[in-house]
Amino acid sequence: MKAVRLIEPGRPVEMQDVPTPAIGPRDVLVRVKAAGICHSDVHYRAGVSPVRPLPLTLGHEVAGVVERAGAEVLNVKVGDRVCIHYMVTCGDCAYCSLGSEQFCTSGSMIGKYRNGGYAEYIGVPARNAFRLPDEVSFEQGAIMMCSSATSFHALRKGRLRPGESVAVFGVGGLGMSAVQLARAAGALDVVAVDIDAGKLALAERWGALPVNAAQTEPVAEIKRLTGGRGVDVALELIGLPLTMQQAFKSLAVFGRAVIVGLTDRTFEIAPYNDLLNKETEIIGASDHLASELPLLLDLARRGVLHLSGVITGTVPLEAGAINAAMDRLEHFGGDGRVVIVPGD
Ligand SMILES: [Zn+2]
Ligand SMILES: [Zn+2]
């Protein structure tokens with residue numbers, strides 16, 4: 001089969017002919033219908049974060065059709081539309097037993113530590129395959145497995161309750177899902193903070209109150225929009241010390257700031273004013289859980305979560321087109337997702 005693979009960091013990905021994956025009795029072989037090109041993939045290609053063993057097929061945002069199912073597989077059958085949970089875990093270690101399998105001691109992410117979905121087929125344990133509702137396209141199902149699932153987990157970590165208020169810092173791919181999911185969870189006011197007018201306009205269409213941080217100081221504006229109170233939950237999806245600090249400072253009494261954006265840098269807090277005097281919390285959120293995916297997919301089936309505005313284009317399963325899409329992500333950022341759609 002054809003697969004687009006990372007041969008060596010710092011080099012363009014390349015098309016290779018590789019054997020179609022062999023599957024065990026509890027695995028499925030999925031014919032890939034859509035594979036999202038994620039910002040992480042650009043980092044992998046650049047060598048910013050490790051990928052092994054090389055060469056390896058990239059792609060952790062995958063949806064397709066079950067082509068073959070092992071003899072012991074019960075949850076899906078041949079012909080089912082599915083999307084794939086990207087974390088392959090052991091199911092037995094202490095973390096897996098507790099349902100916190102993103103910390104599995106032998107967990108491995110597809111498209112990073114095992115072959116991913118930039119290919120005609122992918123083989124995964126059947127428990128990583130989740131039925132994709134007919135109402136949801138393969139393209140949307142694929143990208144939901146990364147950005148939407150991570151936003152959903154972050155909101156759950158923030159213990160958002162109906163009637164509360166939320167601020168979302170950064171309304172790109174993750175943030176657009178976060179706005180919709182926060183509304184679906186019963187948040188009354190959802191404030192979207194960004195410096196990109198186009199993204200803010202899209203967030204506003206989904207019911208967010210837009211705050212352009214290039215034009216106004218976001219903490220003061222959030223306080224103003226919430227009658228001086230601040231928000232109950234603030235999500236930081238950007239990965240900048242400044243926006244982490246702003247997220248934290250925008251909290252109401254008992255507020256929770258959930259940090260999702262990645263950075264090695266530090267940020268400062270004022271313990272008296274912002275932490276103990278308001279009993280606020282700073283919470284880290286890492287990836288997401290398989291157990292969160294069925295509800296996420298049901299929200300998509302109902303149209304409560306809709307990512308059509310996030311997907312900006314598709315490319316065929318060809319190295320040149322994929323490298324070009326990755327180059328655009330690398331040089332211009334942008335949060336529109338390009339999805340690989342292999343031909344039949
Ligand atoms: Zn991703
Ligand atoms: Zn485990």
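Structural data are supplied above this passage.
Since the model is a prediction, treat every value here as computed from it, not as a measurement.

Draft legend 1. Main features of the side chain of Asn212. With respect to the helices, strands and loops of the structure, Asn212 is situated in strand β13 (residues 209–212). Of note is the side chain of Asn212, whose polar atom sits 2.9 Å from the backbone nitrogen of Ala214.

Draft legend 2. Quick peek at the packing of helix α1 (residues 39–46) against helix α10 (residues 319–332). Relative to each other, α1 and α10 sit at 100°, their axes nearing to 9 Å. Comparing the axis directions of α1 and α10 gives the class roughly perpendicular. In this structure, α1 contributes His39, Asp41, Val42, Arg45 and Ala46 to the contact, and α10 contributes Asn323, Met326, Asp327, Leu329 and Glu330. Residue classes in the contact of α1 with α10 are distributed as four nonpolar, two polar and four charged.

Draft legend 3. Molecular detail of the nonpolar core. In terms of nonpolar packing, the biggest core is built from 50 residues, with Met144, Val166, Val168, Leu235, Val258 and Leu296 touching the most fellow members. Elements that contribute at least two residues to this core include exactly β5 (62–69), α3 (138–157), β11 (165–169), α4 (173–184), β12 (189–194), α5 (197–205), β14 (231–236) and α9 (293–301). Considering every element that reaches this core, the biggest residue donor is α3, with nine residues.

Draft legend 4. Seen up close, the packing of aromatic side chains. Applying the stated criterion to the full structure yields one aromatic pair. For the cation-ring pair, Arg81 lies above Phe138, with the distance from its terminal atom to the ring centre recorded as 4.3 Å.

Draft legend 5. Just unusual backbone geometry, in detail. The linkage connecting Arg52 with the following residue, Pro53, adopts the cis geometry, with an omega of -5°. As for its placement among the helices and strands, Pro53 is situated in the loop between α1 and β4 (56–57). The step from Leu54 to Pro55 runs through a cis peptide bond, and the omega angle for that step is -5°. Summarising the element assignment, Pro55 is placed in the loop between α1 and β4. We note that Arg159 has phi near 55°; this positive angle belongs to a residue other than glycine. When you line up the elements, Arg159 lands in the loop between α3 and β11. Despite not being glycine, Phe254 has its phi angle at roughly 65°, a positive value.

About the criteria used
- Residues numbered from 1 in each chain as written.
- Chains lettered and ligands numbered in written order.
- Predicted model: local features only at pLDDT ≥ 70, side-chain atom pairs only at ≥ 80, totals over all residues.
- Heavy atoms only, no water.
- Helix = DSSP H or I, 4+ residues; strand = E, 2+ residues; numbered from the N terminus.
- Polar contact = N/O pair within 3.5 Å; in protein donor to acceptor, adjacent residues only side chain to side chain.
- Axes fitted to C-alpha atoms, helices over the stretch in contact; angles between N-to-C directions.
- Parallel < 35°, antiparallel > 145°, perpendicular 65-115°, else oblique.
- Contact = heavy atoms within 4.5 Å.
- Nonpolar A, V, L, I, M, F, W, Y, C, P; charged D, E, K, R; others polar.
- Core = buried A, V, L, I, M, F, W, Y, C linked by side-chain atoms within 4.5 Å.
- Buried < 20%, exposed > 50% of the residue type's maximum accessible area, 1.4 Å probe, protein only.
- Phe/Tyr/Trp six-rings, centres within 6.5 Å; stacked < 30°, edge-to-face > 60°.
- Lys NZ or Arg CZ within 6 Å of the ring centre and 35° of its normal.

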